[in-house]
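# Tertiary structure, described
These are the residues of each chain, in order.
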Amino acid sequence: MSASRPSPKEWAAEIEAFKTSRKMTRAMMRLTVTVTLLLSLVAGGFQLFLDLFQEMESVKNSAGSLVESMVPGAENAVWDFDKGAAARVVDGLFLQRAVTRVSIYDNDDLFYTQSRTAEPTFPILGHYLTSSETVVTRPLMEPTKSGFSDSNPVLLGRIEIVVDRTIVSPNVVQRLATYFVVAFLKNVLLCACLVMLAFSGLARHAVSLATSLHSWRPTDGAVSLEAPPKYLRNTEIETLGRNIQKLTEIASREFATLRTSNDKFADLNAALATKSENLSQTLQRKNFELKVKNQELLKLATRDGLTGAFNRRHFDQLAKEIWEDPETDLELVSIILADIDYFKKYNDHFGHGAGDICLRDVAKLLEARATARGATFARYGGEEFIILMRSGSIADDLAGDIVQSVADLELGHPKSRVAKHVTISVGVAQNSVVRAEDLDDLIAAADSALYEAKRLGRNRIHTAPSDFLVATERENTLETALLTAIRNYEFEPFYQPQFDGRDGRIVGVEVLARWRKEDGSLGNPVEIFGMAKKLGIVDHVDAIIQDAAIADLSSWFKKGIAPEKFAINVSEEALLSGQIRRLYDGQPKRIQDVLAFELLETIGFENKSTVFNMRLDELMELGVPIEIDDFGTGATSINTLSFLAPKRLKVARELVTMIGESDRGETVIKAVVEIAHSFGIDLIAEGVELEEQSQTLMDLGIPIQQGFLFARPMPATELEEMLRDEASHPRSA
């Protein structure tokens, strides 16, 4: 039985009820959708901000880890006071976007600081995120020495960084936002399904939609929905279905984009892992290379680069350990110092390459001889070698073996004054003899013995005597006193007149240096000159004497009693310094006319340096009379006399004292007279103390004489009286 057809009135009532229900349904749907959307937004926003704040805390922690890795660099920068290194540390920290300021302190003093301004990740939030700054501080300790640990490190300062936690990496924000969008879209889809199920009588189609959505995955593309029944065509439900398909298509497309980004991120992670592996391998290789370099540096630190022997620094360390070893019998310890004779001349003649070969050959020979006897060998500097022995009884044997072995090498040395081959001088200090208080005293004793071996003619051995320490103390006292005398101008000129033996006239004056001590006594000239030469202050003494002597001469000119000739001794040091030229150029002509310069024959005028020859040429160009002092005791050649063309030769005291003792003295002086006359050179005899010597010298043709027979060296006041008496009682020439 079919249902009755509704009447028009009922039909109209149903239509009105349907319209009313539809309005209410739409209103409820709008309200439900609105509430659901708001809840989805709130939940998604809350989760987004929760994740964001977690990322902000992660920024702080990662900044702390980063500053930990930069602490060693900052410590080295503060320790070395290297602001360039500090700048590199700051640049490394600024790789973290959230770091806005870095400050490095040396103790409490600001050593280096740098800051920058960075915009917050979400500037729209305003003041809620702009003040989220935190300070990370780490102490800076003194760097530990390589190979040693320091249980009590020293605090150097601190490093502070300011981290703005609102500055989050854009990649992180993009990822969180993408997750938020996907979650929100999914919530919207679920919301739509709930609305349809709750407020629509279309349960089957809603179930179909829900089933399709439930099985849908973002990778499936747009969701596949069943077509609604005909009576639902062109209604909200059909529109909703189409919208769902569009939304799922968009979601799939966004998900595909996200997956592509994830793939890229994975590729980046893989590349980073590869780079990390490469970096690890590089670091391992660099560590190995550093280990090799450290071994090479250790060798360079302990070995001489040319000879391969121990260097001085390492020898000093080994020698100290041996000396301080309780098992070492200090009575038996000996030091041997050896030095190649005239090595500079060897270098100048053959070149530095040949000099290096000579040093290597000699070092190899000496090291073999030393190590064979259980001794410690090293190159001590230049052409000097040192050996430490624990058994002093064989030190002399080893020294003799060294001298003979070097001679047996037969290395040609045409410029040597000892032999035609390379020779060596040796100084030996045995502690059983010297009784040194420490190792430095024993080495000093060996050095003094070596100096004495060279002074005695080289190519020999000299052993330090038992009174070395006493002599050293005396030398140290003299050295200190001489340096004080230089500062206090305690040197004064003494003068020894030169006489014409025929009539007794004063024909010249020689200027001599004397040291007037604080107690008024005079120092030993020979001892003083030797120490001054050793200290390298001869030119300073000469300058003091020359200035005072020129002042005396100027005074005597004003008084009209100036001598005819004023002879100033010129040392090699004064000549090289150029002070003689300056002295002469600074005088008026009347003083220049009476000046004469005496050069010691022992200076040696051959095989001199270019500077020496240049200074000598300058002296000769001045036209000042040059006298060669102590002639007959050196090795002045005929070529030197021809080249220098001296005005006078002073016959040495050693030759004068031979007069009357043997005929040989007169024979030598006659030869000197003949040489001088052949070159047109005048002669003066010094050291004349006896009448017999004076008469013999005049008979041999040397009337101009100087010595104790006529007058001893005297201060300026006594010479002035003598010159005044000479001027008031003139003698005819």
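Here the structure is shown first, and the text comes after it.
Summary of the structure given here. (Residues numbered from 1 in each chain as written. Predicted model: local features only at pLDDT ≥ 70, side-chain atom pairs only at ≥ 80, totals over all residues. Heavy atoms only, no water.)

The subject of this paragraph is the environment of Gln706. Within the secondary structure, Gln706 is located in strand 17 (residues 704-706). As a C-alpha pair, Gln706 and Glu686 span 20 residues in sequence and 4.6 Å in three-dimensional space. Setting aside residues no more than four positions away along its own chain, Gln706 makes contact with Gln496, Pro497, Gln498, Glu510, Lys650, Ala685, Glu686, Gly687 and Val688. Polar contacts involving the side chain of Gln706 include one to the side chain of Gln498, which spans 2.9 Å. (Helix = DSSP H or I, 4+ residues; strand = E, 2+ residues; numbered from the N terminus. Contact = heavy atoms within 4.5 Å. Polar contact = N/O pair within 3.5 Å; in protein donor to acceptor, adjacent residues only side chain to side chain.)

Attention shifts here to the sheet that holds strand 17. Taken in spatial order, the eight strands close into a barrel running 10-11-12-13-14-15-16-17, and their pairing is mixed. Taken pair by pair, the neighbouring strands of this sheet meet at an average axis angle of 30°, ignoring direction. Judged from the nine bridges that link them, strand 10 (residues 491-500) and strand 11 (residues 506-515) form a sheet pairing that is antiparallel. Across the sheet, residue Phe494 finds its bridge partner in strand 11, namely Leu512. Running at roughly 30° to strand 10, helix 24 (residues 716-728) makes contact with strand 10 and strand 11 of the sheet. (Pairing = 2+ DSSP bridges. Axes fitted to C-alpha atoms, helices over the stretch in contact; angles between N-to-C directions.)

Bringing empty space enclosed by the protein into the picture now. If you walk through the whole model with that rule in mind, you get one cavity of 30 Å³ or more. Size it by volume and the largest cavity reaches roughly 40 Å³. Around the largest cavity, the lining residues are Leu575, Gly578, Ile580, Arg581, Arg615, Glu618 and Leu619. At the level of elements, helix 17 (579-585) and helix 19 (610-621) are the ones that each hand at least two residues to the lining of the largest cavity. Among the residues making up the lining of the largest cavity, the classes are represented as three nonpolar, one polar and three charged. (1 Å grid on protein atoms, 1.4 Å probe; cavity = no way out; pocket = protein on both sides within 12 Å on 5 of 7 lines; lining within 4 Å. Points joined across faces, edges and corners; volume = space filled by probe spheres on them. Nonpolar A, V, L, I, M, F, W, Y, C, P; charged D, E, K, R; others polar.)

Taken by themselves, the reported measurements are silent on function.
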